[in-house]
Amino acid sequence: KLKLIKKYNPLPDLDTYKCPRCKRTQAEIFETGSWINTKKTTCFVPDHCHETGKFRGYICDDCNTIIARAKENIQTLRNIADSLEQDLELRKTRN
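Residues numbered from 1 in each chain as written. Predicted model: local features only at pLDDT ≥ 70, side-chain atom pairs only at ≥ 80, totals over all residues. Heavy atoms only, no water.

A. Broad picture of helix α3 (residues 61–69). Along α3, the positions that sit buried rather than exposed are Asp62, Cys63 and Ile67. Seen from one end, α3 has its buried residues packed into an arc of 125°, which puts them on one side. Downstream of α3 by one or two residues, Lys71 has phi in the positive range, about 55°. (Buried < 20%, exposed > 50% of the residue type's maximum accessible area, 1.4 Å probe, protein only. Helix = DSSP H or I, 4+ residues; strand = E, 2+ residues; numbered from the N terminus. Arc of directions from axis to C-beta.)

Take a look at the structure:
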């Protein structure tokens, strides 16, 4: 199924494209060192709904992994974001 998605939905221009989830370019992702894969030429992967198979666009592998690990559960992702924000606020008050 992913081969068909890639066939009919070519990769965008990698010099300017930003992941629609995290808003980072491929260059920004590579600079952080968070994505290391020597077998692939891009960090962008096809994003698709696991229930319907519908192609949603290309996202970075980092975001794809996060979404997959959370089982696409929006509340889980919100809880994680809330927890990170609370931690940041605690650190600000301690400094």
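Having seen the structure, we can now continue with the description.
B. Summary view of the packing of aromatic side chains. Evaluation of the coordinates by the stated rule reveals two aromatic pairs. Summarising the aromatic geometry, the rings of Phe55 and Tyr58 are spaced 5.4 Å apart at their centres and angled 70° between planes, so their arrangement reads as edge-to-face. On the accessibility criterion, Tyr58 (5% relative accessible area) is buried. (Phe/Tyr/Trp six-rings, centres within 6.5 Å; stacked < 30°, edge-to-face > 60°.)

C. Focus on the pairing of strand β2 (residues 55–60). Two elements, strand β1 (residues 44–48) and β2, share five bridges in a ladder whose sense is antiparallel. Looking at the pairing, Val45 lines up with Ile59 of β2. If you look at the hairpin formed by β1 and β2, you'll find six residues sitting between the two strands, and Gly53 has a positive phi there, around 80°. (Pairing = 2+ DSSP bridges.)

D. View of helix α4 (residues 74–94). Across its 21 residues, α4 extends 31 Å between first and last C-alpha, which sits within 8% of the 30 Å expected from 1.5 Å per residue. The opening residue of α4, the one whose side-chain oxygen lies 2.9 Å from the backbone nitrogen of Gln75, is Asn73. (Expected span 1.5 Å × (residues − 1). Polar contact = N/O pair within 3.5 Å; in protein donor to acceptor, adjacent residues only side chain to side chain.)

E. Examining the side chain of Thr42 more closely. Relative to the helices and strands, Thr42 resides in the loop between α2 (26–32) and β1. Side-chain polar atoms of Thr42 contact the backbone nitrogen of Phe44, separated by 3.1 Å.

F. Quick peek at the nonpolar core. Counting eleven residues, the largest nonpolar core is built from Tyr17, Cys19, Ile29, Cys43, Phe44, Val45, Tyr58, Ile59, Cys60, Cys63 and Ile67. Elements with a minimum of two residues in this core: β1, β2 and α3. Of all the elements, β2 adds the most residues to this core, at three residues. The contacts of Tyr58, once residues within four sequence positions are left out, are Ile5, Lys6, Asn9, Pro10, Leu11, Pro12, Tyr17, Pro20, Phe44, Val45, Pro46 and Asp47. (Core = buried A, V, L, I, M, F, W, Y, C linked by side-chain atoms within 4.5 Å. Contact = heavy atoms within 4.5 Å.)

G. Local environment of unusual backbone geometry. Despite not being glycine, Lys23 shows a phi value in the positive range, around 70°. Secondary-structure assignment places Lys23 in the loop between α1 (2–8) and α2. Its identity is not glycine, yet Lys71 carries a phi of approximately 55°, on the positive side.

H. Summary view of the pattern of salt bridges. Applying the stated rule across the entire model yields six salt bridges. Note that Arg56 and Asp47 form a salt bridge whose closest N and O atoms lie 3.0 Å from each other. What makes Arg56 partly exposed here is its relative accessible area of 38%. The exposure class assigned to Asp47 is buried, which follows from its relative accessible area of 3%. Connected through shared salt-bridge partners, Arg21, Asp47, Arg56 and Glu72 make up one network. (Salt bridge = Lys/Arg side-chain N within 4 Å of Asp/Glu carboxyl O.)

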